[in-house]
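Examination of the molecular architecture
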Amino acid sequence: MNLSTHHILGVEDLNNQDVELILKTAENLKEISLRPVKKVPALRGKTILLCFFEPSTRTRASFEMAAKRLSADTLNFSASDSAINKGESLLDTVRNLQAMDPDLLVVRHGFSGIPHLLARAVRCPVINAGDGLHEHPTQALLDLLTIQNIKKKIKGLNVAIIGDIAHSRVARSNILLLTKMGVKVSVAGPASMMPAAIDQYDVEVAYDIREVIPKADVIMMLRIQRERQDACRFPSLREYARFFGLNKQTMKDAKKDVVIMHPGPVNRGVEIAPEIADSPHSVILDQVTNGVAVRMALLYLLCGGKEI
Amino acid sequence: MAETKLLMTEEQMDQVFLEMARKVAANGEDVALIGIRSRGVPLAHWLAKHVETLTKRTPKLGALDINLYRDDLSEVGEHPVIKETDIPFKVEGTGIILVDDVLYTGRTIRAAMDAIVDFGRPKYVRLAVLVDRGWRELPIQADYTGKKIETTADEVVKVMVKELDGKNEVVLKKDFSKRF
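Being a predicted model, the structure only gives us computed values, none of them experimental.

Another aspect to go through is the overall build of chain B. Helix and strand counts for chain B come out as 4 helices and 8 strands. Tracing chain B from N to C terminus, the helices and strands come up as β-α-β-α-β-β-α-β-β-β-α-β. Taking 2.2 N^0.38 as the reference for a compact globule, 180 residues should give roughly 16 Å; the C-alpha atoms of chain B span a radius of gyration of 16 Å, in line with that estimate. Referenced to the eigenvectors of the C-alpha coordinate spread, the extents of chain B come out at roughly 50 × 40 × 30 Å. For chain B, the proportion of its 180 residues judged to be buried stands at 48%. Contacts in chain B between residues far apart in sequence, at least 24 positions, make up 69% of those at least 6 positions apart.

Right, here's the structure in full:
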């Protein structure tokens, strides 16, 4: 079976069958990471370019590990050590990389839409590893796999996404993917962090997190992205933590079996209190483990077979 | 249109596994049976049942998906769907019998052997197949063979198992679409 798309630029590219195939493949690839030899020869001889034009540890390491577990060669490429610093345009850089004939390109960039631009310039599949304020599809897929693992189902669940919805590509990809898969999504955060056009999505909107927490089966906390705060959107981190952070107080009406997720990196004491981040409800580290499996599945599905 | 010829009934399949189990039991040592997905898995369970009856010991059982080890992954247009690999025992030092339905080119078995050594260094690997249809492309032979038959290139040996196909039966089909 093949995916219906050549690139993974956003959740919008995927239909329900694609999502099911990705999750199933990821689930069955997980076992490789538990073997004495954590490597299979599936992508031997394939070259994967990891182009991270924006800082990343987790996602980049996750893609690199996924590629290596499938025996692909990886080449890292970042903005700081590239010719972009010497004045080369992004498209020229990518055309040069294309000339080296890679089999797949993973790209992260601070501007929305760059992966789409590159996908038109290269012949190989492109995976969006996060573009500006737009999408982060692999994060949404690994979150979905984590939810499925724990809740044993997806359809009909209530998921609350809390925090800076406007600046979060994780939130956007998750809203799109979860609603596509039949999950009831609610979003909550300060009004200053709610996108103006949030009503175009099929989600419930709240400005007080106590409205969404009691019915949530899963709570996804978003990171306060200090690097993306162009203006002051809340008076202080302390105030944010008190009203919009997860802590014993805000959690008191949560379901007993609520699952807490966070895409990382965690600002402890801001969006999530340490005792909550380390509680049995938290699956933050499962998300990281599942991230490798989901990315292995995507690499396998996008560059395993020949083009047809 | 396809012509179908019955090769083995359920009773004959059972007889084959009983005979194999006798040989396995005669060795007197504990073995692990690993079925190759998809149809090798229920067949491994079938063989294990007879081994258990004869030796009063339950053989270890595993399932292996070999798709990630195929030598034609970059040739095939359609991606093989990855199924679960489950080897819930230590491979290191264990005698292993691989179980598959049909032995044909031998490429699946090559892939399976490569996969197994990634789990550890087994004491030995032996091969049990229900049907050997000839046409080997690699120097691989079975240690336990249920039925050996001569086939032509346009024939398909189809092993059906209750768990996946609703019945236990082996048939030989002529597939005219394979004739050029």
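Further notes follow.
This paragraph deals with the interface of chain B and chain A. Opposite the 17 residues of chain B that make contact, chain A presents 24 residues. Of the roughly 1900 Å² buried between chain B and chain A, counting both surfaces, carbon and sulfur atoms make up 57%. The three residues of chain B that bury the most area against chain A are Leu68, His79 and Ile82 of chain B, which together make up 34% of that side's buried surface.

A separate point is the environment of Leu157 of chain A. Residues and elements named next belong to chain A. Among the secondary structure elements, Leu157 is positioned in the loop between helix H5 (137-151) and strand S5 (158-162). Overall, Leu157 belongs to the buried group, its relative accessible area being 4%. Along the chain, Leu157 and Leu178 lie 21 residues apart, while their C-alpha atoms are 9.4 Å from each other.

This part covers the nonpolar core. Residues Ile161 of chain A together with Leu64 and Leu68 of chain B are the most contacted members of the largest nonpolar core, which totals 92 residues. Here the element with the most residues in this core is helix H9 (residues 284-303) of chain A; it accounts for 11 residues. For this core, the domains that each give at least three residues are domain 1 (11-134 + 288-303) and domain 2 (137-283) of chain A. Not counting the four nearest positions on each side in its chain, Leu68 of chain B is found in contact with Leu29, Ile32, Val40, Pro41, Ala42, Leu70 and Tyr300 of chain A together with Leu73 and Ile82 of chain B. Of all hydrophobic cores here, the second largest spans 30 residues; its members include Leu47, Ala128, Val170 and Leu172 of chain B.

Glancing now at the pattern of salt bridges. Residues and elements named next belong to chain B. Per the counting criterion, the structure on display carries 26 salt bridges over all chains. The closest approach of N and O atoms between Arg136 and Asp132, which form a salt bridge, is 2.9 Å. Exposure remark for Arg136: the relative accessible area of 23% places this residue in the partly exposed category. The class for Asp132 is buried, based on a relative accessible area of 3%. Each member of the salt-bridge network shares a partner with another, and the members are Asp71, Arg107 and Glu137.

With that settled, consider the domain arrangement of chain A. By a frequent convention, interface size equals the accessible area lost on bringing the separate parts together. Residues and elements named next belong to chain A. Assigned domains within chain A: domain 1 (11-134 + 288-303) and domain 2 (137-283). Between the C-alpha centres of domain 1 and domain 2 the distance comes to 26 Å. Counting from both sides, the interface comprises 28 residues of domain 1 and, opposite them, 25 residues of domain 2. When domain 1 packs against domain 2, close to 2300 Å² is buried across both sides, 61% of that on carbon and sulfur atoms.

Another aspect to go through is unusual backbone geometry. Looking along the chain, the bond that leaves Gly264 of chain A and enters Pro265 of chain A is cis, with omega of -10°. Positionally, Pro265 of chain A belongs in the loop between strand S9 (259-261) and helix H8 (274-277). Positive phi, close to 60°, is recorded for Lys56 of chain B, a residue that is not glycine. Structurally, Lys56 of chain B is set in the loop between helix H2 (40-55) and strand S3 (60-64).

A word on the packing of helix H1 (residues 16-29) of chain A against H9 of chain A. All names here are of chain A. For the pair H1 and H9, the least separation of the axes is 8 Å and the interaxial angle reads 115°. Compared by their axis directions, H1 and H9 come out roughly perpendicular. In this structure, H1 crosses over H9, and the sense of that crossing is right-handed. On H9, the residues that touch Leu21, Ile22, Thr25, Ala26 and Leu29 of H1 are Ala293, Val294, Met296, Ala297, Leu298, Tyr300 and Leu301.

Turning next to the packing of H1 of chain A against H5 of chain A. All names here are of chain A. Closest axis-to-axis distance for the H1/H5 pair is 10 Å, and the angle between their directions is 70°. Relative to H5, the element H1 is oriented roughly perpendicular. Pair H1 / H5 crosses with right-handed handedness. Contacts between H1 and H5 pair Val19, Ile22, Leu23, Ala26 and Glu27 from the former with Leu141, Leu144, Leu145, Gln148 and Asn149 from the latter. Here the residues of the contact of H1 with H5 are counted per class, giving 7 nonpolar, 2 polar and 1 charged.

This part is about helix H6 (residues 169-180) of chain A. The α-helix winds at 3.6 residues per turn, so residues separated by three or four positions along the chain end up facing the same way. Residue and element names in this part refer to chain A. Taking 1.5 Å per residue, 12 residues should reach 16 Å; H6 reaches 17 Å between its end C-alpha atoms and fits that length. Across the 12 residues that make up H6, a large majority, 9, are buried. Residues of H6 that are buried include every one of Arg169, Val170, Ala171, Ser173, Asn174, Ile175, Leu176, Leu177 and Leu178, and no others. The N-terminus of H6 is capped by Ser168, whose side-chain oxygen sits 3.3 Å from the backbone nitrogen of Val170.

Moving on, we come to the sheet that holds strand S2 (residues 31-36) of chain B. Residues and elements named next belong to chain B. Read across the open sheet, the 5 strands follow the order S3-S2-S4-S5-S6; overall the sheet is parallel. Across the chains shown, the open sheet's two edge strands, defined by having one partner strand only, are S3 and strand S6 (144-148). Averaged over all pairs of adjacent strands, the angle between strand axes in this sheet comes to 25°, irrespective of strand direction. Pairing between strand S5 (residues 124-132) and S6: 4 bridges, direction parallel. Note that in S6 the partner of Val129 across the bridge is Thr145. Running over the sheet, helix H1 (residues 10-26) touches S2, strand S4 (95-103), S5 and S6 and is turned about 150° from S6. The sheet strands contacting H2 are S2, S3, S4 and S5, and the helix crosses S2 at an angle near 150°.

Here the focus is the environment of Ile82 of chain B. With respect to the helices, strands and loops of the structure, Ile82 of chain B is situated in the loop between S3 and S4. Assessed through its relative accessible area of 1%, Ile82 of chain B is described here as buried. Measuring from C-alpha to C-alpha, the distance between Ile82 of chain B and Asp65 of chain B comes to 7.0 Å, with 17 residues separating the pair along the chain. Leaving out residues up to four positions away in the same chain, Ile82 of chain B has contacts with Thr25, Asn28, Leu29 and Tyr300 of chain A together with Asp65, Asn67 and Leu68 of chain B.

Each value, and the rule that gives it
Residues numbered from 1 in each chain as written. Chains lettered and ligands numbered in written order. Predicted model: local features only at pLDDT ≥ 70, side-chain atom pairs only at ≥ 80, totals over all residues. Heavy atoms only, no water. Helix = DSSP H or I, 4+ residues; strand = E, 2+ residues; numbered from the N terminus. Rg over C-alpha atoms; globule rule 2.2 N^0.38 Å. Buried < 20%, exposed > 50% of the residue type's maximum accessible area, 1.4 Å probe, protein only. Contact = heavy atoms within 4.5 Å. Buried area = accessible area lost by both parts, 1.4 Å probe. Core = buried A, V, L, I, M, F, W, Y, C linked by side-chain atoms within 4.5 Å. Domains from an automatic or database assignment. Salt bridge = Lys/Arg side-chain N within 4 Å of Asp/Glu carboxyl O. Axes fitted to C-alpha atoms, helices over the stretch in contact; angles between N-to-C directions. Parallel < 35°, antiparallel > 145°, perpendicular 65-115°, else oblique. Left-handed = near helix turned anticlockwise from the far one by under 90°. Nonpolar A, V, L, I, M, F, W, Y, C, P; charged D, E, K, R; others polar. Expected span 1.5 Å × (residues − 1). Polar contact = N/O pair within 3.5 Å; in protein donor to acceptor, adjacent residues only side chain to side chain. Pairing = 2+ DSSP bridges.

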